[in-house]
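Observations on chain architecture
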Amino acid sequence: MRMMRVPKERVGALIGKDGEVKNLIEERTKVKMYIDTEGEITMDESGADDPIAILKVMDVVKAIARGFAPHKAMRLLDDDEYLEVIELSDFVG
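Residues numbered from 1 in each chain as written. Predicted model: local features only at pLDDT ≥ 70, side-chain atom pairs only at ≥ 80, totals over all residues. Heavy atoms only, no water.

The next thing to look at is the nonpolar core. Counting 24 residues, the largest nonpolar core has Ile25, Met43 and Val61 as the members making the most contacts within it. Mapped onto this core, the elements with two or more residues apiece are α1 (11–15), α2 (20–29), β2 (32–35), β3 (40–44) and α3 (53–65). Here the element with the most residues in this core is α3; it accounts for eight residues. Met43 has contacts with Met1, Arg2, Met4, Val31, Lys32, Met33, Ile54, Val57 and Met58, leaving out every residue within four places of it along the chain. (Core = buried A, V, L, I, M, F, W, Y, C linked by side-chain atoms within 4.5 Å. Buried < 20%, exposed > 50% of the residue type's maximum accessible area, 1.4 Å probe, protein only. Helix = DSSP H or I, 4+ residues; strand = E, 2+ residues; numbered from the N terminus. Contact = heavy atoms within 4.5 Å.)

Quick look at the structure:
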């Protein structure tokens, strides 16, 4: 089991209308997500076929939490896409 937190205002985007975003992530990865209204997410990877599925799900959740549209964040489930978060102040004065 892994846990993450997302901002409360992004919980709706992560779940999607009628749970469609959450269900799609679970279908594609076999990682079960439990999301509460405060933004705490518990993920159970015990049913996943791919050993790195949990890491991909964590990247998708992180992207949605940071403001990506769910359909764009889903691209992170592909093997040729990855998420890198950089601190802009490291590059700009």
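Don't stop here, the text continues.
This next bit is on α2. The set of residues buried in α2 consists of Val21, Lys22, Ile25, Glu26 and Thr29. For α2, the buried positions fall inside an angular range of 135° around the axis, keeping them on one side. Residues of α2 that are exposed and point more than 90 degrees away from the buried face comprise Glu20 and Glu27. Lining the buried residues of α2 we find α1, β2, α3 and α4 (70–73). Positive phi appears at Lys30, one or two residues downstream of α2, with a value of about 65°. (Arc of directions from axis to C-beta.)

By the element assignment, Lys56 lies in helix α3. At a separation of 2.5 Å, a polar atom in the side chain of Lys56 contacts the side chain of Asp79. Those residues in contact with Lys56 that lie beyond four places of it in its chain are Asp50, Leu76, Leu77 and Asp79. (Polar contact = N/O pair within 3.5 Å; in protein donor to acceptor, adjacent residues only side chain to side chain.)

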